[in-house]
Amino acid sequence: MGNGISISFRRKSLYFHTVIHWKKRGDILKKKFICSICFGCLWLAISVYFAVGWARGISDVLPVAYVWWTIIGIALLPGFLMSAMFFSNLLHWRVKEYPDTEEDTTIIMCAHNEEQRIAQAIQAIFNQQYKGHIRLLIVDNASTDHTKEKIICLQPSAPKNCSIEYVYCDKTGKANALNAGLALVCTPHFMTVDADTSLEKQAVQKIMNHLVFCSSACVAGNLFVQNTKTSLMTKMQIYDYLLSIAAIKRFQGSYRSTLVAQGAFSAYQTEAVRKVGGWQNVLGEDIVLTYQLLHQGLPSTYEPCAVGYTHVPETVHDFYNQRKRWAIGMLEGLSAIPPWKQGTGFSFHFACVNLAIVYLDLAFVFGFIPGVILALFGYYYLAGILTLLMAAVCILIHFSMYLYQKKLKISFENSISGLICFFLFFQAIQSTAALHGYLGRLLHKKGEWR
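The structure contained in this document is the topic of the report that follows. If you're wondering where the values come from, they're calculated on a predicted model, not measured in any experiment.

**A closer look at the pairing of strand E4 (residues 189-193)**
Here is step 1: Counted residue by residue, E4 has five buried out of five residues, so it is predominantly covered.
Here is step 2: Every second residue of E4 is oriented toward a common face, with His189, Met191 and Val193 on one face and Phe190 and Thr192 on the other, all of them buried.
Here is step 3: Note that strand E1 (residues 105-111) and E4 share three bridges and pair parallel. What sits directly across from isoleucine 107, in E4, is methionine 191.
Here is step 4: Two strands pair when backbone bridges link them, and E4 and strand E7 (residues 265-269) are joined in this way by five bridges, in the antiparallel orientation. Note on E7: the bridge partner recorded for valine 193 is phenylalanine 265.

The structure is reproduced here in structure tokens:
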């Protein structure tokens, strides 16, 4: 009897200590967030001072409304957002470590005609240095190639701490495959890993440590490019994943409000995902799920030390289609859970930023690109001092992010040609694809499995 009372007391004591810890943590986060926004406002105030003179000088040549629409979209707003992110990421520079968990876990890996790459993804799971048991559920979503044979062939070679199960889902659509896997999950937490993504040996341990210790509803892993040397397009994407995507996830994750726990590699609380009904049958199923979890006031975080290497599009055409789908997925998330329905002030802010991205893409395509073309002919109407200042801020952010990723001591490829083309051409392709996606969403066009 006395022992039972003692255990109950310890549990209550641990609960209250956890509540107090996260309350203090929340107060610190608010202060850091306010400081970051203030830094962004300072940059904005300086930029507006220069912008007034810039706009006045070209208003006799171009319409005033277009001039200010462009200046805000290509300089003032992105400068504010990037400077706030830069300062926040400096405040969260320290790499956190969490105690190792030995909790059993499940990995859902969906596959649709993945015979060429799935063996490598499975072997990476077998090679995991994880202290608990891993149950790998591979959901074959109506594949018509030799995906099943590849999976069955690898089953006997599974190590002692890992089991592999084949599941067939004849209802096409990635969301259907994911939900079929979710129905079979028996562990408190699980992960999703794409069949074209190979995990670093400590990835499962790192992401599970974070998920369990921080009590997050979902945790996004840190993705790097796997097929780095295939084409110039893949070389450009090295720096998109390494610098841009990672910087945004660090910024959002620092405030427990990562907007996308990507399906390629993320971890989840099983009960939380089941409570919101799993994945919806949309193009951005992972985005909508994350928004739904945030809507419940649940934390969505990011673990930079949990690394996966994913296969990225190799041609401009495939990349264009991928980013078009991502743009549609973002709008699907905003449609399912508008910014004003977000669970916290932090997630409200980041959702509003996502909404503003539509405007930024429009300004880039119809403001920045015409400005560059005019500058090539000697007319520097839209390529002024603020454009150079924005470029400097962008380079500073990317350089600091590069140093942070190097600090993690994780191997990744570098490419001079890829870096140069990333700065010169990447955003133009991405913004154009995004605008195409926004238009497709407005016209309610449907997409494909991936």
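**Considerations on the pairing of strand E3 (residues 162-169)**
Here is step 1: Bridge count between strand E2 (residues 134-141) and E3: eight bridges; the pairing is parallel. Considered in E3, the bridge of asparagine 141 is made with cysteine 169.
Here is step 2: Once the chain exits E2 it traverses helix H4 (residues 147-154) before rejoining the sheet at E3, and the crossover so formed is right-handed.

**Describing the nonpolar core**
Here is step 1: In terms of nonpolar packing, the biggest core is built from 103 residues, with Met109, Ile122 and Phe265 touching the most fellow members.
Here is step 2: If we skip the residues at most four places from it in the chain, methionine 109 touches Ile118, Ala121, Ile122, Ile125, Leu136, Leu137, Ile138, Val139, Val193, Asp194 and Ala195.
Here is step 3: Counting 22 residues, the second largest nonpolar core, distinct from the first, contains Cys169, Ala177, Phe190 and Ala217.

**Focus on the sheet that holds strand E5 (residues 197-199)**
Here is step 1: Strand order in this open sheet of eight strands is E3-E2-E1-E4-E7-E6-E8-E5, and the pairing throughout is mixed. Edge positions in the open sheet fall to E3 and E5, since each of these has one partner strand only. Each strand of the sheet is rotated relative to its neighbour by a mean of 30°, with strand direction disregarded.
Here is step 2: Note: E1 against E2, seven bridges, orientation parallel.

**What about unusual backbone geometry?**
Here is step 1: One non-glycine residue, asparagine 113, adopts positive backbone phi at about 55°.
Here is step 2: Its place among the elements puts asparagine 113 in the loop between E1 and helix H3 (118-126).
Here is step 3: For asparagine 113, a relative accessible area of 32% gives the class partly exposed.
Here is step 4: Look at lysine 409: it is not a glycine, yet its phi comes out positive at around 60°.
Here is step 5: With respect to the helices and strands, the residue lysine 409 is situated in the loop between helix H12 (385-407) and helix H13 (416-442).

Procedures and definitions
Residues numbered from 1 in each chain as written. Predicted model: local features only at pLDDT ≥ 70, side-chain atom pairs only at ≥ 80, totals over all residues. Heavy atoms only, no water. Buried < 20%, exposed > 50% of the residue type's maximum accessible area, 1.4 Å probe, protein only. Helix = DSSP H or I, 4+ residues; strand = E, 2+ residues; numbered from the N terminus. Pairing = 2+ DSSP bridges. Right-handed = clockwise from strand over helix to strand, strands pointing away. Core = buried A, V, L, I, M, F, W, Y, C linked by side-chain atoms within 4.5 Å. Contact = heavy atoms within 4.5 Å. Axes fitted to C-alpha atoms, helices over the stretch in contact; angles between N-to-C directions.

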